[in-house]
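Single-letter residue listing:
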Amino acid sequence: MDERDSYRERVTHRIPRGIVAEATARTMFTLTRHPPAPPLDEFVEYHWILRWDRRGRPPHEQRVLPNLSVHATFFPGASGVYGPAHDVFSHRLTGLVQGLGVRFRPGTFRAFLGGPVSDIADRAVPLTDVFGPAASAAAESVQNADGDAQMVGAIDNLLIANPRTLSPAARAAAAAVESIARDPGIIRVSQLCADTGLTTRSIQRLFAEHVGVPPKWAIRIYRLNDAAQRLVTEGDPDYAGLAVRLGYSDQSHFIRDFRTVTGQSPAQYARAAEPDSDRT
């Protein structure tokens, strides 16, 4: 049997989103996703718009699992370009706020950054460092916008104003990430190399330059986001069976891996996902 068979539940495309305790989160803020303007399709997965009103209510600490995308965010007090991360992201929601984030397709952001994406892994840099002075005006437009269309339009215009093209290496990196997203059976770098036709050394260089994290970590992120989604939908599953379905050698390896990334055991994560379990 192929070593991927236990986890060969093929899908067309996976996008790790990883909103922790999503049932509770839906009562704390509204989230909508919007496609970019056609000239940005190669670069942008989608725009996401958040609104919340915590006036007269306790602040809410929202956590999001790490993913591979670079995000450019236009929020009061939280604007910047955020590189791919190894840790859970947390943000404290207070007051009345609206803002927009751009989720870039993994492998494509080097065209905007002008340097290795690994340079911004696990950190944020100012919007103006990447997009120039016009980013400040765009951020102000987002805050003053009357609706989603105005917000999206302001950021589309910012990104289109300085056209970028993808190099052959960037396309290869993006295609390698797509291989992982398309096939949950890819659980080892050697399998990714076989799928893409690239050597281990080549794929490691591509990921450092264009994705920002090693290919092994990229595969791990997709697996653990899959695990998190299953914990939400299945509640308290058979963990040994879930570990096998996810391609882990045993249950303890799965639990240890999940805790390392999320800070919680699978059981704790499943309990936190229940409605009303985390109303802070």
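Residues numbered from 1 in each chain as written. Predicted model: local features only at pLDDT ≥ 70, side-chain atom pairs only at ≥ 80, totals over all residues. Heavy atoms only, no water.

A word on the packing of helix α6 (residues 168–182) against helix α8 (residues 200–211). For the pair α6 and α8, interaxial distance at closest approach is 9 Å and the crossing angle is 100 degrees. As far as their axial angle goes, α8 and α6 are roughly perpendicular. Facing Ala169, Ala170, Ala172, Ala173, Ala176, Val177 and Ile180 of α6, the residues of α8 in contact are Ile203, Leu206, Phe207, His210 and Val211. By residue class, the composition of the contact of α6 with α8 is eleven nonpolar, one polar and no charged. (Axes fitted to C-alpha atoms, helices over the stretch in contact; angles between N-to-C directions. Helix = DSSP H or I, 4+ residues; strand = E, 2+ residues; numbered from the N terminus. Parallel < 35°, antiparallel > 145°, perpendicular 65-115°, else oblique. Contact = heavy atoms within 4.5 Å. Nonpolar A, V, L, I, M, F, W, Y, C, P; charged D, E, K, R; others polar.)

Summarising the element assignment, Arg245 is placed in helix α10 (residues 239–245). Classification of Arg245 as partly exposed rests on a relative accessible area of 26%. Each C-alpha atom, one on Arg245 and one on Thr32, is 31 Å from the other, the two residues being 213 residues apart in sequence. Within the local environment of Arg245, its side chain forms a polar contact with the side chain of Glu234, the two groups lying 3.1 Å apart. (Buried < 20%, exposed > 50% of the residue type's maximum accessible area, 1.4 Å probe, protein only. Polar contact = N/O pair within 3.5 Å; in protein donor to acceptor, adjacent residues only side chain to side chain.)

With that settled, the discussion passes to the packing of helix α4 (residues 134–144) against helix α5 (residues 148–160). Contact pair α4 / α5: the axes reach a minimum separation of 8 Å and the direction vectors enclose 170 degrees. Compared by their axis directions, α4 and α5 come out roughly antiparallel. Across the interface between the two elements, Ala134, Ala135, Ala138, Ser141 and Val142 of α4 pack against Met151, Ala154, Ile155 and Leu158 of α5. Of the residues in the contact of α4 with α5, the class split is eight nonpolar, one polar and no charged.

The subject of this paragraph is the packing of aromatic side chains. A complete count under the given rule lists twelve aromatic pairs for this structure. On the basis of an interplanar angle of 75 degrees and a centroid distance of 6.3 Å, the ring pair of Phe109 and Phe131 is categorised as edge-to-face. A residue pair is termed long-range when its members are at least 10 positions apart, and Phe109 in the loop between β7 (96–104) and α2 (110–113) and Phe131 in helix α3 (residues 127–131) qualify at 22 residues. Here Phe109 and Phe131 have matching classes, each one buried. With a centroid separation of 5.4 Å and an interplanar angle of 85 degrees, the aromatic rings of Phe258 and Tyr269 are classed as edge-to-face. On the criterion of sequence distance, the pair formed by Phe258 in helix α11 (residues 251–262) and Tyr269 in helix α12 (residues 266–272) is long-range, its members being eleven residues apart. The two residues Phe258 and Tyr269 agree in class, both being buried. Counting every residue linked through ring pairs, the aromatic cluster contains Phe43, Phe104, Phe109, Phe112 and Phe131. Arg223 extends its terminal NZ or CZ atom over the ring of Tyr248, reaching a point 3.9 Å from the ring centre. (Phe/Tyr/Trp six-rings, centres within 6.5 Å; stacked < 30°, edge-to-face > 60°. Lys NZ or Arg CZ within 6 Å of the ring centre and 35° of its normal.)

Let us now look at the pattern of salt bridges. Oppositely charged side chains can pair when the atoms bearing their charge come close. A complete count under the given rule lists eleven salt bridges for this structure. Taken together, the shared-partner salt bridges connect Glu45, Arg103 and Arg105 into one network. (Salt bridge = Lys/Arg side-chain N within 4 Å of Asp/Glu carboxyl O.)

Moving on: the sheet that holds strand β4 (residues 71–74). Here we have six strands laid out as an open sheet, ordered β1-β2-β7-β4-β5-β8, and antiparallel in their pairing. For this open sheet the edge positions go to β1 (30–34) and β8 (124–125), each flanked by a neighbour on one side alone. For strand β5 (residues 80–82) and β8, the ladder comprises two bridges, and the chain directions are antiparallel. Pairing of Val81 across the sheet is with Val125, part of β8. Contacts from α5 reach β1, β2 (44–53), β4 and β7 within the one sheet, and its direction differs from that of β2 by about 140 degrees. (Pairing = 2+ DSSP bridges.)

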